[in-house]
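# Understanding the architecture of this molecule
Here is what each chain is made of, one letter per residue.
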Amino acid sequence: MSENGNELMKIKYEAAVPFYYYKPTYKDCQTLKEQWIRAKYERKEFSEPWKNFTYEEGIKDGLLMKMGRDNGQFLSRRFVLSEREGTLKYFTKYDAKEPKAVIKVDTINATFQPKKIGNPNGLQITYLKDYSTRNIFVYHDNCKEIVDWFNTIRAVQLHYLKVAFPGSTDAELVHKLTRNFLKEGQMEKTGPKHTEGFKKRWFTLDQRRLMYFKDPLDAFAKGEVFLGNKGHGYSASPGLPAGTHCNGAWQHGITIVTPERGFLFTCESEADQQDWLKHFNNVMNAVMSPQEYTMEALFKHKH
């Protein structure tokens, strides 16, 4: 590196990084960063353009530790990812004939959550089930194995998208693969009448979906708010409406207005309030895609 400089080393060791392979940034967890470094310099995975990648074998079958939905215990479960079927399945017993769940790859998101899960290799997989977001939490003791699962999911997703959008390039499709959440954290929330007490909830902002949970590791959200475009009756502003009875300890309010109703939240600090507002307004200022209009219609139908 000292002899040749960073750029020449990059050309050599990143000669053939597939589009789907997740390149971590400084914000990402230790496991992702370490495996990216090992893949580049130790295993030299990307130095030879003609090399076959394990992520592209079309099927991955193995055991992951999965958290039970009701008891919070992690148990070994068999997972099978199939490019041909476009699905991720998991089985409660290794030799079980029928899977416990069949998840379509186009509805999957996967994001590393070591702090939340309490394991350095913790991965949160979310998918749509009956138009609601379902969370499953997994890990593997081997860092390379869990990162391989993550990048194989992304490889299968890219293959699916290339079939669905035949005119698009890999570079145009890569942003549709797994994504990190825009923001997560605690706020207090009141009910639809705005007279109920404020209760602490865990919030996850995933693109235009604001989900809230009683506990960060819940399988399903207690509720979801769709954040549409500002021009269509959506807004986010600091403070609470005059006369709001605020029983909670937190005083830094946020009011979100949607065409259907208003939502009231409070944050612990002004800095947190401002950060949430920045993210909400960024989402609401962005132009909506055709898929997001479809999602908005489904939200209105569901709620």
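Residues numbered from 1 in each chain as written. Predicted model: local features only at pLDDT ≥ 70, side-chain atom pairs only at ≥ 80, totals over all residues. Heavy atoms only, no water.

Right, let's talk about the sheet that holds strand β10 (residues 209-213) for a bit. Taken together, the seven strands give an open sheet; going across it, the order is β11-β10-β9-β8-β14-β13-β12, and neighbouring strands pair in antiparallel fashion. Among the strands making up the open sheet, the edge pair consists of β11 (223-226) and β12 (235-238). The average undirected angle you get between the axes of adjacent strands in this sheet is 35 degrees. Here four bridges tie β12 to strand β13 (residues 252-257), and the two strands are oriented antiparallel to one another. Across the sheet, residue Ser237 finds its bridge partner in β13, namely Thr255. Sheet strands in contact with helix α6 (residues 270-285) are β8 (183-189), β9 (199-206), β10, β12, β13 and β14 (262-267), and its direction is about 110 degrees off that of β8. (Pairing = 2+ DSSP bridges. Helix = DSSP H or I, 4+ residues; strand = E, 2+ residues; numbered from the N terminus. Axes fitted to C-alpha atoms, helices over the stretch in contact; angles between N-to-C directions. Contact = heavy atoms within 4.5 Å.)

Any two side chains of opposite charge can pair, on the condition that their charged atoms come close. For the structure on display, the rule yields 19 salt bridges. The shortest N-O distance in the salt bridge between Glu85 and Arg84 comes to 3.8 Å. For Glu85, a relative accessible area of 39% puts it in the partly exposed group. Taking relative accessible area as the criterion, Arg84 reaches 75% and is therefore assigned exposed. The shortest N-O distance in the salt bridge between Arg208 and Glu292 comes to 3.0 Å. Residue Arg208 is found in the loop between β9 and β10, and its partner Glu292 is found in helix α7 (residues 290-302); the two are separated by 84 residues along the sequence. Under the relative-accessibility criterion, Glu292 is labelled buried at 18%. (Salt bridge = Lys/Arg side-chain N within 4 Å of Asp/Glu carboxyl O. Buried < 20%, exposed > 50% of the residue type's maximum accessible area, 1.4 Å probe, protein only.)

This brings us to the sheet that holds strand β2 (residues 74-82). Across the sheet, which stays open at both edges, the seven strands sit in the order β4-β3-β2-β1-β7-β6-β5 with antiparallel pairing between neighbours. At either end of the open sheet lies a strand with only one pairing partner, and these are β4 (101-104) and β5 (109-112). Put simply, the sheet's adjacent strands are angled 35 degrees from each other on average, direction ignored. In the sheet, β2 pairs with strand β3 (residues 87-91) via five bridges, with the strands oriented antiparallel. Pairing of Arg78 across the sheet is with Phe91, part of β3. Each of β1 (59-67), β2, β3, β5, β6 (123-129) and β7 (132-139) touches helix α4 (residues 143-164); the most contacted strand, β1, lies at about 125 degrees to it.

The final tally for this structure, using the stated rule, is one cavity of 30 Å³ or more. Volume-wise, the largest cavity comes out at about 50 Å³. Around the largest cavity, the lining residues are Lys66, Met67, Gly68, Arg69, Arg134, Asn135, Ile136, Phe137, Leu217, Asp218 and Ala219. Among the secondary structure elements, those contributing two or more residues to the lining of the largest cavity are β1 and β7. Counting residues per element, the lining of the largest cavity draws most heavily on β7, at four residues. Across the lining of the largest cavity, the residue classes tally to five nonpolar, two polar and four charged. Residues from two domains meet in the lining of the largest cavity; each of domain 1 (1-179) and domain 2 (183-301) gives at least three. (1 Å grid on protein atoms, 1.4 Å probe; cavity = no way out; pocket = protein on both sides within 12 Å on 5 of 7 lines; lining within 4 Å. Points joined across faces, edges and corners; volume = space filled by probe spheres on them. Nonpolar A, V, L, I, M, F, W, Y, C, P; charged D, E, K, R; others polar. Domains from an automatic or database assignment.)

Our focus in this paragraph is α6. The terminal C-alpha atoms of α6, which comprises 16 residues, lie 22 Å apart, in line with the 22 Å expected from a rise of 1.5 Å per residue. Along α6, the positions that sit buried rather than exposed are Gln273, Trp276, Leu277, His279, Phe280, Asn281, Val283 and Met284. Where α6 is buried, its residues contact β8, β9, β10, β12, β13 and β14. (Expected span 1.5 Å × (residues − 1).)

The next thing to look at is the packing of helix α2 (residues 30-42) against α4. The interhelical angle for the contact between α2 and α4, taken along N-to-C directions, is 90 degrees, at an axis separation of 10 Å. In terms of orientation, α2 and α4 fall into the roughly perpendicular class. Residues Thr31, Leu32 and Gln35 of α2 touch α4, and the partners they reach there are Cys143, Lys144, Ile146, Val147 and Phe150. A breakdown of the residues in the contact of α2 with α4 according to their chemical character gives five nonpolar, two polar and one charged. (Parallel < 35°, antiparallel > 145°, perpendicular 65-115°, else oblique.)

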